[in-house]
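Spelled out, the chains give:
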Amino acid sequence: MDRGFIYINNSNLINNLNFLKVTTKKELCLVVKANAYGHGLEWAVKNAKKFGVKWFAVASVDEGIQVKKVFGESRVLLLAEPSKTQLENIKENVLDLTVYNESFIDALIETGDEYSVHLKIDTGMHRLGCPPEKFNDLYKKIISSNLKLVGICTHFPMADTDVTETKKSIELFEKTILDIDLTDMLLHVDNSASSLYNLENSFNMTRVGIAAYGVEITAVEHKNELLPIMEIKTRISNLQLRKKGDAVSYGKAKTLSRDSIIATAPIGYGDGYPWNSFPDGKVIVNNQFCNLIGRVTMDQILFDVTDVNVQIDDEVTVLGNSTDGKLNISVSDIAQWNKTIEWEILTNMSKRLERIEVE
Ligand SMILES: Cc1ncc(COP(=O)(O)O)c(C=O)c1O
């Protein structure tokens, strides 16, 4: 092992997809944007296909094309209106579009081509989506045009923290689409968090990201059978004896309170391991937690191994389980040290770390 490896567990993805399918009883649309939340887009599509997932959601036309290259017959939903310069590319690669602006819908109609579209309603997120009062006009415009209306959707702002707010959005969504013919229409409103408690069968597809990758985030207690997919392991690359009163790494941010053995491992923020992991962060070496002892640098981290029996090349667990299975560092732990969210930790894991598939 030279630097670090990201181990990606194939069977845990299948386990998670199965749990989500059984729980939601809806068509799964796997969100694979941002390199499948850092896990590898091709890997995610290839394995989800084996499980029977047909729908994938992406944030860019490029990502959509990557999905189609792996799984030509898949349906790929672009989650936001792209630049109009991409329309030819979208047609050629048969991508589904999320639409909400009249000017964009007009531009699609002007092409005379049959794009598949999903009309998005803003029910409270206030990011993308048509205002509910504009929905009827846009709906009529689309169904009387060359466009094919495949789905109607929305997105929740507080699905992971506030069930009441989410219910309000659902009510507004249902009221807005009350008078229209929903035959063969895909209705998709949920992300991972709400998928686990919004079990209404009036919706028939769910866009799942973080839960499929094994991170449980929801506002409601439930049976959790999700398994983490990503583990990050590296190795001890340097050992040094330092005296009480010394300080290591940039900024000399922490003075050692005792004579210490300091280990270095070749992973840093250039690999996506976040800079703010110091001072709260830890790694696991030989089944013991070791505290970070200086600032994270671009290519290295430093940690205190004074109380652990170690040698150069010993394995360092940055994310995942200790060898004896008794200790764990989760994505949520790293997010907490960094005062950020789990999505950011996963999506930032860079391509510099080699991904290795395990069963
Ligand atoms: C529109 C939309 N739907 C679904 C998702 C999936 O969210 P989650 O990862 O919480 O399941 C996202 C994620 O950013 C999104 O932007």
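Residues numbered from 1 in each chain as written. Predicted model: local features only at pLDDT ≥ 70, side-chain atom pairs only at ≥ 80, totals over all residues.

### A look at the overall build of the chain
A count of helical and extended segments in the chain gives 11 helices and 18 strands. Here the C-alpha coordinates of the chain stretch approximately 75 × 40 × 40 Å along the principal axes. Within the chain, residue pairs in contact and separated by at least 24 positions form 64% of the contacts whose partners lie at least 6 positions apart. (Helix = DSSP H or I, 4+ residues; strand = E, 2+ residues; numbered from the N terminus. Contact = placed C-beta atoms within 7 Å.)

### Focus on the nonpolar core
Of all hydrophobic cores here, the largest spans 96 residues; its most connected members are Leu30, Val32, Phe56 and Phe303. Taken together, domain 1 (10-208) and domain 2 (230-358) each give at least three residues to this core, which thus spans both. (Core = buried A, V, L, I, M, F, W, Y, C linked by C-beta atoms within 7 Å. Buried ≥ 20, exposed ≤ 12 C-beta atoms within 10 Å, placed from the backbone. Domains from an automatic or database assignment.)

### Notes on the site of the ligand
Lining the immediate surroundings of the ligand are Val31, Leu79, His155, Asn191, Ser192, Ala193, Arg207, Val208, Gly209, Ile210 and Ala211. For the shell around the ligand, the elements supplying multiple residues, two or more each, are α9 (192-195) and β9 (205-208). Class assignment for the residues of the shell around the ligand results in six nonpolar, four polar and one charged. (Near = placed C-beta within 6 Å. Nonpolar A, V, L, I, M, F, W, Y, C, P; charged D, E, K, R; others polar.)

### Observations concerning the domain arrangement of the chain
The domain architecture assigned to the chain consists of domain 1 (10-208) and domain 2 (230-358). With seven residues of domain 1 at the contact, the number on the domain 2 side is nine residues. Looking at the side of domain 1 that touches domain 2, its residues break down into three nonpolar, four polar and no charged.

### What to know about the pairing of β9
A two-sided burial pattern is seen for β9, the buried positions comprising Met205 and Arg207 on one face and Thr206 and Val208 on the other. In terms of strand pairing, strand β2 (residues 27-31) meets β9 through four bridges, oriented parallel. Bridge pairing in β9 places Cys29 opposite Arg207. (Pairing = 2+ DSSP bridges.)

### Notes on the sheet that holds strand β15 (residues 301-304)
As summarised here, the arrangement of the three strands in space is β11-β12-β15, forming an open sheet in which the pairing is antiparallel. Two strands close off the open sheet at either side, each with one partner strand: β11 (238-242) and β15. For this sheet, the mean angle separating the axes of adjacent strands, direction not counted, is 30°. Here four bridges tie strand β12 (residues 260-265) to β15, and the two strands are oriented antiparallel to one another. (Axes fitted to C-alpha atoms, helices over the stretch in contact; angles between N-to-C directions.)

### Some details on the packing of helix α1 (residues 10-24) against helix α3 (residues 41-51)
Relative orientation of the contacting elements α1 and α3 amounts to 50°, with a least axis distance of 10 Å. One finds that α1 runs oblique with respect to α3. Crossing geometry of α1 relative to α3 is assigned as right-handed. Here α1 contributes Asn10, Leu13, Ile14 and Leu17 to the contact with α3, which in turn contributes Asn47, Ala48 and Phe51. Taken together, the residues of the contact of α1 with α3 sort by class into five nonpolar, two polar and no charged. (Parallel < 35°, antiparallel > 145°, perpendicular 65-115°, else oblique. Left-handed = near helix turned anticlockwise from the far one by under 90°.)

### A short note on the packing of α3 against helix α4 (residues 61-70)
The description of two helices packed together rests on the angle between their axes and the distance between the axes. One way to put it is that α3 packs onto α4 with a least axis distance of 9 Å and a crossing angle of 45°. With respect to α4, the axis of α3 lies oblique. Crossing geometry of α3 relative to α4 is assigned as right-handed. Taking contact as the criterion, the partners of Leu41, Glu42, Val45 and Lys46 in α3 are, on α4, Glu63, Gln66, Val67 and Val70.

### Details of the environment of Gly64
Within the secondary structure, Gly64 is located in helix α4. Separated by 260 residues in the primary sequence, Gly64 and Asp324 place their C-alpha atoms 40 Å from one another. With residues near it in sequence (within four places) discarded, Gly64 still touches Val58, Val76, Leu78, Asn93 and Leu95.

### Focus: the pairing of β11
The element β11 is largely exposed, with a buried count of zero among its five residues. As paired elements, β11 and β12 share five bridges and run antiparallel to each other. Counted as the bridge partner of Gln240 is Ile262 from β12.

### Quick word on α3
Residues three or four positions apart in an α-helix share a direction because the helix packs 3.6 residues into each turn. All buried positions along α3 are accounted for by Leu41, Ala44, Val45, Asn47 and Ala48. Considering only its buried residues, α3 is in contact with α1, β2, α2 (33-37), β3 (55-58) and α4. Once α3 finishes, Gly52 follows within two positions and takes phi at roughly 105°, a positive value.

### Here we look at the environment of Ile177
Summarising the element assignment, Ile177 is placed in the loop between α8 (163-176) and β8 (186-188). On the basis of neighbour counts, which here come to 21 C-beta atoms within 10 Å, the residue Ile177 falls in the buried class. C-alpha separation for the pair Ile177 and Gln288, spaced 111 residues apart in sequence, amounts to 56 Å. Excluding anything up to four places from it in sequence, Ile177 contacts Ile152 and Leu182.

### Section: α1
Counted at 1.5 Å a residue, the expected span for α1 with its 15 residues is 21 Å, and the 21 Å between its end C-alpha atoms agrees. For α1, every residue scored as buried is listed here: Asn12, Leu13, Asn16, Leu17, Leu20 and Thr24. Here the buried residues of α1 occupy an arc of 135° about the axis, which is enough to place them on one side. Within α1, the exposed residues directed more than 90 degrees away from the buried face are Ser11 and Val22. Turning to α1, the residues buried within the fold contact β1 (5-9), β2, α3, α9 and β9. Backbone geometry just downstream of α1 places Lys25 in the positive-phi region, at approximately 55°. (Expected span 1.5 Å × (residues − 1). Arc of directions from axis to C-beta.)

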